[in-house]
Amino acid sequence: MSKKPDPTSQHQAPHSMWRGIHQTLQSDTIGGALLLGATVLALVLANTPAAPVYDAVRDFTFGPEALHLNLSVGAWAADGLLAIFFFVVGLELKEEFVAGALRNPRTAALPITAAVGGVIVPALFYVLVNLTAGGDALRGWAIPAATDIAFAVAVLAVVGRFLPPALRTFLLTLAVVDDLLAISIIAIFYTDSVDPLPLLLAILPLGMFAIAVRRGVRSIWVLLPLGILVWALVHASGIHATVAGVVLGFVVPVMATEKARVEVGKDARGEPLYDGMAAHFADRWGVVSTAFAVPVFAFFAAGVSVGGLEGLRDSFTDTIAIGIIVGLVLGKAIGITGTTFLMTRLPGLHLDPTLRWVDLIGMSFVAGIGFTVSLLVGELSFGAGSESDDHVKVGVLAGSLVAAIIGAAILGVRNRRYARLAD
């Protein structure tokens, strides 16, 4: 007679293992750690004898020339992989506008206007620093305008365990609106010329994609080819291809319907619970974005050869790098806090009662971490691999690091105070 196996001695089922990995990768801290690890590795490789190999891999080109897709590995990462990141951003934006914090104008007013201030003021600081610089320096005005959601939320998760939940909600809403503004800036100001024919042709696969998701189609074999076709046609039109990711995210329905819904569990009575298609795709593709797309982009975008102390001195004396640092560190903090303060002077608008102004100041410095989109805008402004682009990378890395340290220090002190109050 065979002995029944002890359930406690069995290995974890594959689906259970995947669920654990999936939940881990959705952690704010893990996402930030992967991004930081890719950045540090790129900087190490770019400043060691391995630099020629790193450069050769980054600059290796492949793809069909006839479709304008003979791109370098670095360009594929910036144009292709970041489209996944922006697809998830598009999904989250639509969720926020349809069913989230941005649905209620009164609730959304403060973080939305704070995001606008956090875009305009850093850009103004950059312009003031580079007003007399000459050349193409002013092309980089939008570089310090973006907030990196992954890094900013990761810092908040590490130092802010006892901080009021309203602070994280404020930061997430602000960062989502910030992304929408950054996407608009890329589409409007960093598109030199537009070929209307590919753009018109892109409407056909986009429409097919929209019809499919509204009918509840989730098959990657149906949706992925349509998404790639939309991306390729938008790229061929001259508009930055990451915009295609946002548009694809926008056409996915948010609310669960009879046709377009995904069962996610049972309620207390055993009745099925459903998610809409936007939440489903954000959940699935968010992991791909966090674990692969954004870290790979960071790996190929952040690898700047510093050139020793002399190289650092050259970078830090360049007004482009100075403007970026000033914009990220001071511009973001002043823009977000100042705009919020002015808005709360209006009748009916006030800061969440669980928050204090020092909490908001700390968060506004954390919002000065402008990594992913700032590096992308830097490449669009000055061209990948140019001397100015190298100075942009130094400025973005230095400004983001200083902003993160100041913000983490302020919020760390506040977190200890909230912890004592909780005890």
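Residues numbered from 1 in each chain as written. Predicted model: local features only at pLDDT ≥ 70, side-chain atom pairs only at ≥ 80, totals over all residues. Heavy atoms only, no water.

Some words on the environment of Phe 86
Moving on, step 1. Its place among the elements puts Phe 86 in helix α4 (residues 73-99).
Moving on, step 2. Phe 86 gets classed as buried once you look at its relative accessible area, which sits at 2%.
Moving on, step 3. It is 26 Å that separates the C-alpha atoms of Phe 86 and Ile 320, two residues lying 234 residues apart in sequence.
Moving on, step 4. Discounting chain neighbours no more than four positions away, the residues touching Phe 86 are Ile 183, Thr 242, Gly 245, Val 246, Val 373 and Leu 376. (Helix = DSSP H or I, 4+ residues; strand = E, 2+ residues; numbered from the N terminus. Buried < 20%, exposed > 50% of the residue type's maximum accessible area, 1.4 Å probe, protein only. Contact = heavy atoms within 4.5 Å.)

What about a positive patch on the surface?
Moving on, step 1. Among the surface-exposed residues, Arg 356, Arg 416, Arg 417 and Arg 420 lie close enough to one another that they form a single positively charged patch.
Moving on, step 2. In this fold, Arg 417 is placed in helix α17 (residues 387-422). (Patch = residues over 30% accessible without salt bridge, like charges linked within 9 Å, V, L, I, M, F, W, Y side chains within 5 Å. Areas by Shrake-Rupley, 256 points an atom, 1.4 Å probe, with all protein chains shown as cover. Salt bridge = Lys/Arg side-chain N within 4 Å of Asp/Glu carboxyl O. Lys, Arg positive; Asp, Glu negative; His and termini not counted. Charge placed at Lys NZ, Arg CZ, Asp CG, Glu CD.)

Some thoughts on the confidence of the model for the protein
Moving on, step 1. For the protein, the average pLDDT comes to 82, and 91% of its residues sit at 70 or higher.
Moving on, step 2. Per-residue pLDDT stays below 50 along residues 1-26; that stretch engages in 14 contacts with residues further than four places along the chain or on separate chains. (pLDDT = per-residue confidence, 0-100.)

What to know about the pattern of salt bridges
Two side chains with opposite charge may pair up if their charged atoms get near one another.
Moving on, step 1. For the structure shown, the criterion picks out 6 salt bridges.
Moving on, step 2. For Asp 389, the salt bridge is made with Lys 393, and the minimal N-O distance between the two is 3.7 Å. Highlighted residues: Asp 389 and Lys 393, both in helix α17, separated by 4 residues, approximately one helical turn.
Moving on, step 3. What makes Asp 389 buried here is its relative accessible area of 0%.

Describing the packing of helix α5 (residues 105-130) against helix α14 (residues 319-343)
Moving on, step 1. Across the interface, α5 lies against α14 with an axial gap of 6 Å and an inter-helix angle of 145°. Pair α5 / α14 crosses with right-handed handedness.
Moving on, step 2. The class makeup of the residues in the contact of α5 with α14 is 16 nonpolar, 11 polar and 1 charged. (Axes fitted to C-alpha atoms, helices over the stretch in contact; angles between N-to-C directions. Left-handed = near helix turned anticlockwise from the far one by under 90°. Nonpolar A, V, L, I, M, F, W, Y, C, P; charged D, E, K, R; others polar.)

What to know about helix α10 (residues 220-237)
Moving on, step 1. For α10, spanning 18 residues, the distance from its first C-alpha to its last is 25 Å, which sits close to the expected 26 Å at 1.5 Å a residue.
Moving on, step 2. For α10, the elements touching its buried residues are β2 (71-72), α4, α8 (196-201), α9 (203-214), α11 (242-250) and α12 (277-301).
Moving on, step 3. Among the residues trailing α10, Gly 238 stands out with phi positive, at a value near 105°. (Expected span 1.5 Å × (residues − 1).)

Examining the nonpolar core
If you look at soluble globular proteins, the nonpolar side chains tend to sit buried side by side.
Moving on, step 1. Within the largest apolar cluster, 84 residues are counted, with the highest numbers of intra-cluster contacts made by Phe 86, Leu 174, Ile 324, Met 363, Phe 371 and Val 373.
Moving on, step 2. Top element by residues in this core is helix α7 (residues 165-189). It accounts for 12 residues.
Moving on, step 3. Apart from residues lying up to four places away in sequence, Met 363 is in contact with Leu 167, Phe 170, Leu 171, Leu 174, Ile 336 and Leu 411.
Moving on, step 4. If you look at the next biggest cluster of nonpolar residues, it comprises 32 residues, including Ile 239, Ala 241, Val 251 and Ala 260. (Core = buried A, V, L, I, M, F, W, Y, C linked by side-chain atoms within 4.5 Å.)

Examining the environment of Gly 286
Moving on, step 1. Looking at where Gly 286 falls in the secondary structure, it is placed in helix α12.
Moving on, step 2. For Gly 286 and Ala 408, which are 122 residues apart along the polypeptide, the C-alpha to C-alpha distance reads 25 Å.
Moving on, step 3. Each residue touching Gly 286, except ones within four places of it in the same chain, is listed here: Val 88 and Phe 281.

Side note on the packing of aromatic side chains
The relative placement of two aromatic rings is captured by the distance of their centres and the angle of their planes.
Moving on, step 1. Here the structure, examined in full by the defined rule, presents 9 aromatic pairs.
Moving on, step 2. Relative to Trp 231, the ring of Trp 76 has its centre 5.7 Å away and its plane inclined at 25°; by these criteria the two rings are stacked. On the criterion of sequence distance, the pair formed by Trp 76 in helix α4 and Trp 231 in helix α10 is long-range, its members being 155 residues apart.
Moving on, step 3. Under the relative-accessibility criterion, Trp 231 is labelled buried at 8%.
Moving on, step 4. Ring centres 5.1 Å apart and planes at 70° place the aromatic pair Phe 85 and Phe 86 in the edge-to-face group.
Moving on, step 5. Positioned above the aromatic ring of Phe 341 is the side chain of Arg 345, whose terminal nitrogen or guanidinium carbon lies 4.3 Å from the ring centre. (Phe/Tyr/Trp six-rings, centres within 6.5 Å; stacked < 30°, edge-to-face > 60°. Lys NZ or Arg CZ within 6 Å of the ring centre and 35° of its normal.)

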